[in-house]
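Chain by chain, the residues run as shown.
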Amino acid sequence: PAGNESARTRGAPSAKITASAFARNRDGKRLVNKGEADMEIVFAEERSPVNRHAIDPLLKVKRFFARDPGPERVPAAERERQPGRVFNGAGLRLALLFPFALVALAVAVAFRAAPSLGFVDYDDPVAVLDPALRGGLTSEAFHFALTASPANLWHPLTFLTHALDFELFGERAGGHHFVSVLIHLGSSLLLLGWLRRQTGETSLALAVALLFAIHPLRVESVVWLSERKDVLSVFFCLLTVVFYSEW
């Protein structure tokens, strides 16, 4: 942009431009309305000679939660409500991370009693408390996870997470429940980040993520150790969606 030498310098930490400067993308498609051309937006973007499509996938995951969604991802409704809003600096990062903190707080409050729970007689003796798993991450546990199917349940990864729980917490059931809550929290944060990334609507994404995080139908899966397979399935399903969307 004219009058801003720092924007032309490779490696500049940020550049201040008007909406008219990014009114069209490389394909010539409209990104903003002409009436919003006087809106100033500050955004930060790394300058690099490396092709954008060759960026390390792990870097994309890191940016997924903490980077500015970019001017083209700011919804028109938000721009109309706050035409003078400036997207920059620590204030932006705080605004981006606050919804994640709110979801984490909601999960912590909703499942605060989980670490005080114990094992139950319904399915836990078969799916969780098998002697092969209670010894921790041993060769016997790996063999059991890959070959056994008690009660017609063959889920190696789930069995290995239970073995890991016994390795870390022993017979203290509270630690096992705490791990289930952490997995559910991870799923809730992934859902929030993906929805906000795809829609640009932070409020709606937060509402959906909160509903998922504390919905009564999720309680059984989170606090019943035999349902560890459910929370794991949701987590990896959402993780797959995130990776596919960011590819």
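Residues numbered from 1 in each chain as written. Predicted model: local features only at pLDDT ≥ 70, side-chain atom pairs only at ≥ 80, totals over all residues. Heavy atoms only, no water.

Draft legend 1. Spotlight on the side chain of S226. Tracing the chain through its elements places S226 in the loop between α10 (216-223) and α11 (228-246). Polar contacts involving the side chain of S226 include one to the side chain of D124, which spans 2.4 Å. Other than its neighbours up to four places away in sequence, S226 contacts Y122, D123, D124, A127 and V128. (Helix = DSSP H or I, 4+ residues; strand = E, 2+ residues; numbered from the N terminus. Polar contact = N/O pair within 3.5 Å; in protein donor to acceptor, adjacent residues only side chain to side chain. Contact = heavy atoms within 4.5 Å.)

Draft legend 2. Examining the environment of P216 more closely. Along the chain, P216 turns up in helix α10. Relative accessible area serves as the criterion here: at 62%, P216 is assigned to the exposed category. Between the C-alpha atom of P216 and that of A110, which follows or precedes it by 106 residues, the distance is 9.7 Å. (Buried < 20%, exposed > 50% of the residue type's maximum accessible area, 1.4 Å probe, protein only.)

Draft legend 3. View of the pattern of salt bridges. For the structure shown, the criterion picks out five salt bridges. In this structure, E246 and R197 form a salt bridge, with 3.2 Å as the shortest nitrogen-oxygen distance. One end of the pair, E246, is in helix α11; the other, R197, is in helix α8 (residues 173-199), with 49 residues separating them in the sequence. Comparing E246 with R197 shows no difference in burial state: the two are buried. Close ionic contact of R218 with D230 constitutes a salt bridge, the shortest N to O distance being 3.7 Å. (Salt bridge = Lys/Arg side-chain N within 4 Å of Asp/Glu carboxyl O.)

Draft legend 4. Local environment of the nonpolar core. Counting 23 residues, the largest nonpolar core has V103, V107, F111, V181 and L192 as its most contacted members. Listing elements by their share of this core, those giving two or more residues are α3 (89-110), α8, α9 (202-214) and α11. The contact partners of V107, leaving out residues within four places of it in the chain, are V181, H184, L185, S188 and A213. Residues L133, F144, A145 and F159 belong to the second largest nonpolar core, which totals eight residues. (Core = buried A, V, L, I, M, F, W, Y, C linked by side-chain atoms within 4.5 Å.)

Draft legend 5. Quick look at the packing of α8 against α11. Between α8 and α11, whose axes approach to 9 Å, the crossing angle comes to 25°. Compared by their axis directions, α8 and α11 come out roughly parallel. Between α8 and α11 the crossing geometry is left-handed. The segment α8 lies against α11, with H176, V179, S180, I183, G186, S187, L190, L191, W194, R197 and Q198 engaging R228, V231, L232, V234, F235, L238, L239, V241, V242, S245 and E246. (Axes fitted to C-alpha atoms, helices over the stretch in contact; angles between N-to-C directions. Parallel < 35°, antiparallel > 145°, perpendicular 65-115°, else oblique. Left-handed = near helix turned anticlockwise from the far one by under 90°.)

Draft legend 6. Region of interest: α10. Turning to α10, its buried residues are R218, S221 and V222. The buried side chains of α10 occupy one side of the element, clustering within an arc of 95° when seen end-on. Summarising the contacts, the buried residues of α10 are in contact with α8, α9 and α11. (Arc of directions from axis to C-beta.)

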